[in-house]
Amino acid sequence: MENKRKNSSPKKKIKLSIIGVLLSLLFTGMNISLVVLLNTLNIIPDKYYKLLIICLILINIILNFFLSLKFKNKVLKVFKVLSYIFSIILIILFTIGIIYLNKTMNLFDNISIIKEEVTNYYLIVLNDSNYQEASDLYGKTMAYFELTDKEVINRIKLDLTYSEEKDLLTLKNKLLNKEVESILISDIIKNRYEEDDETFNQNTRILKTIFIKKEIEDITKRVSIKNTPYNILISGIDTFGDINNAARNDVNIVATVNPNTNEILLTSIPRDYYVQLHDKPGYKDKLTHASYYGINTAIKTIEDIFDIDINYYIKVNFTTVIDLVNKIGGIEVYADQAVSLYGCPRIKVGINKLNGACALAFSRERYSYSDGDRHRGRNQQEVIQAIFKKLSSGTTIFTQYTDILDALEGKFATNMDMNEITNFLKYEFSELNDYTFKSIQVDGTGSMGKTYSYPNQDLWIMIPDQKTIDNAKIQINKVLNNESIK
């Protein structure tokens, strides 16, 4: 009996560490959250994602073992202390990762896939008039441009004497000369008045703003961007603020991307190019006016010029450039001519470091150059390449990640959906492609002529040089057909 009692010693109880168990549960929860977010975003290549999952599971098992239990063995106690330190470090890193991933998801959710475009119309009166609100104009006179959307007229809902004008200068002078009490103009016309007359805003004021929204059809010709060459239209509109506002497309660059040869061809088209706007019979027009009629008109017009498909577009404005360049710590651009820009250090021949405002000024300047808009097109290509290189080299994308997301959120639009963007990122992360940039321009001859948008005025235009268009077609098609270009 005594021997049996001696041999039946009580089983050792497993002792748990309460603090360790709580830390273990927190660590496991962070693990799961990170994995769920990564799976939702789907931007990590599959081979890396699987490896990451295996590593996280193993780390989780090992750390939970040492965190949860109490040990008497000195060696195991050392491992337990190390587990505490390691788990706290990982929890901090997981927290940062979850914040980054949530901001990324928020950006993807808020990318402006243009489903509607907004045109602002303003009811304008003289600054020294007594009118304080639109109803004060009851029974008075109002003039408007002949191409004004009739929906705007209907939404004024006032008993007014209306007059329609064919000439923009006449329309403005009717108000300034007090021939009418008010005029109705779009933000596009208002911008033109401001450019031509520095005193226009001082002499007038806005009595009422009317917003007209129009739905936009998706005309995307989607391709597999992982292994198929494609064209992206980079459209830069000449406004600040809301990216969905209708405005002139002052920057028109077709980026032909070949993920197989790792080449990107940038083809610039001058803003004043005199072209037939798609589905707008009558006078030809300046390309910069195409976006008056929506992003799709600009896309289809450029497709007509080069006889190509535009697969995707990226639409940016002044705010996008300033904020993005500032967030990545400025860019370095090459200038082939010295030039002075308002509010910026003098641009010298060679490499210049620019902040956001100066990068925008550099990409907009044309009057200081003998070849005007052609030179501006080259400068715009320099800025695009500088931003791309800054984002894809060094540690910028990691150290400034959240700042970059903040700079982009709500300030650019594209017709790429989330799956296409994530597939592109997965492919780039997997292949780590180093792209080579090539740049060309189409050219023409300056002239004066009537346009579809302003048929009763002679405007500065550029008559296209067909030889440069034909050359651009050849170069674009080479990139699309997996041929390397010089």
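Refer to the structure above for everything that follows.
Predicted model, so just to flag it, every value in this text is computed and none were measured.

Looking at this model, I keep getting lost on the overall build of the protein. Mind explaining?
Each helix and strand counted, the protein has 16 helices and 17 strands in total. Of all 486 residues assigned to the protein, the portion counted as buried reaches 51%. Long-range contacts, defined as pairs at least 24 residues apart, comprise 69% of the intrachain contacts of the protein with a sequence gap of at least 6. Carbon and sulfur atoms form 55% of the exposed surface of the protein, whose accessible area is close to 25000 Å².

Explain the pattern of salt bridges to me, please; I cannot follow it from the model alone.
If charged atoms from side chains of opposite charge come close, those side chains can pair. For the structure shown, the criterion picks out 16 salt bridges. In this structure, Asp196 engages Arg192 in a salt bridge whose closest nitrogen and oxygen atoms are separated by 3.9 Å. Taken together, the positions of Asp196 and Arg192, both in helix H7 (residues 187-196) and four residues apart, correspond to about one turn of that helix. On the basis of relative accessibility, which here comes to 17%, the residue Arg192 falls in the buried class. Between Arg376 and Asp373 there is a salt bridge; the shortest N-O distance is 2.9 Å. Of the two residues, Arg376 and Asp373 are both situated in helix H12 (residues 372-392); the distance of three residues between them amounts to about one turn of the helix. The exposure class assigned to Arg376 is buried, which follows from its relative accessible area of 5%. Residues joined by salt bridges that share partners form a network here, namely Asp250, Arg271, Asp272, Lys286 and Arg366.

For this particular structure, what's the right way to read the side chain of Asp149?
Relative to the assigned elements, Asp149 resides in the loop between strand E2 (141-145) and helix H5 (150-156). There is a polar contact of 2.9 Å between the side chain of Asp149 and the backbone nitrogen of Glu151. Those residues in contact with Asp149 that sit more than four places away from it in its chain are Tyr121, Ile212 and Lys214.

It is not clear to me how the sheet that holds strand E4 (residues 182-186) should be interpreted in this structure. Could you clarify?
In spatial order, the strands read E3-E2-E4-E1-E5; together these five strands make up an open sheet with mixed pairing. The open sheet has two free edges, formed respectively by strand E3 (161-165) and strand E5 (204-215), since each of these has just one partner strand. Between one strand axis and the next, the sheet turns by 25° as a mean value, whatever way the strands run. Alignment of strand E1 (residues 116-126) against E5, held across eleven bridges, turns out to be antiparallel. By the bridge assignment, Ile124 is partnered in E5 with Ile206. Where H7 meets the sheet, it contacts E1, E2, E4 and E5, and its direction lies at approximately 105° from that of E4.

What exactly am I supposed to notice about helix H10 (residues 318-327) here?
An α-helix turns once every 3.6 residues. As a result, residues three or four positions apart point the same way. For H10, the buried fraction is high: seven of the ten residues fall into the buried class. Where H10 is concerned, the buried positions are Phe318, Thr319, Thr320, Val321, Ile322, Leu324 and Val325. Sitting at the head of H10, Asn317 places a side-chain oxygen 3.1 Å from the backbone nitrogen of Thr319. A positive backbone phi angle near 80° is found at Gly329, which sits one or two residues after H10.

Would you take a moment to explain unusual backbone geometry for this structure?
Most peptide bonds take the trans configuration, and most residues that are not glycine carry a negative phi. Despite not being glycine, Asp279 shows a phi value in the positive range, around 60°. Residue position: Asp279 is located in the loop between strand E9 (274-275) and strand E10 (285-286). One non-glycine residue, Asn482, lies in the positive phi region at around 65°. As for its placement among the helices and strands, Asn482 is situated in the segment after helix H16 (466-480).

Would you explain the state of the cysteines in this entry?
The bond known as a disulfide is covalent and runs between the sulfur atoms of two cysteines. By the definition in use, this model includes one disulfide. Paired through a disulfide, Cys344 and Cys358 show a sulfur-sulfur distance of 2.2 Å. Note on the Cys344 and Cys358 pair: the S-S dihedral is about -110°, so by sign convention the disulfide is left-handed. Highlighted residues: Cys344 in the loop between strand E12 (331-335) and strand E13 (350-354) and Cys358 in helix H11 (residues 356-364), separated in sequence by 14 residues. The exposure class of Cys344 is buried, given its relative accessible area of 15%. Using a relative accessible area of 4% as the deciding quantity, one classes Cys358 as buried.

For this particular structure, what's the right way to read the sheet that holds strand E11 (residues 312-316)?
Within a sheet, each strand pairs with its neighbour through backbone hydrogen bonds, oriented either parallel or antiparallel. In space, the six strands of this open sheet follow the order E14-E11-E6-E7-E8-E15, with mixed pairing throughout. Edge positions in the sheet fall to strand E14 (412-414) and strand E15 (436-441), since each has one partner strand and no second. Across the sheet, the axes of successive neighbouring strands diverge by a mean angle of 20°, strand direction being ignored. In the sheet, strand E6 (residues 230-237) pairs with E11 via five bridges, with the strands oriented parallel. Paired with Leu233 across the bridge in E11 is Tyr313. Across the sheet, H12 lies against E6, strand E7 (249-258), strand E8 (263-268) and E15, angled at about 165° from E15, the strand it touches most.

Basis of the calculations
Residues numbered from 1 in each chain as written. Predicted model: local features only at pLDDT ≥ 70, side-chain atom pairs only at ≥ 80, totals over all residues. Heavy atoms only, no water. Helix = DSSP H or I, 4+ residues; strand = E, 2+ residues; numbered from the N terminus. Buried < 20%, exposed > 50% of the residue type's maximum accessible area, 1.4 Å probe, protein only. Contact = heavy atoms within 4.5 Å. Areas by Shrake-Rupley, 256 points an atom, 1.4 Å probe, with all protein chains shown as cover. Salt bridge = Lys/Arg side-chain N within 4 Å of Asp/Glu carboxyl O. Polar contact = N/O pair within 3.5 Å; in protein donor to acceptor, adjacent residues only side chain to side chain. Pairing = 2+ DSSP bridges. Axes fitted to C-alpha atoms, helices over the stretch in contact; angles between N-to-C directions. Disulfide = S-S within 2.5 Å.

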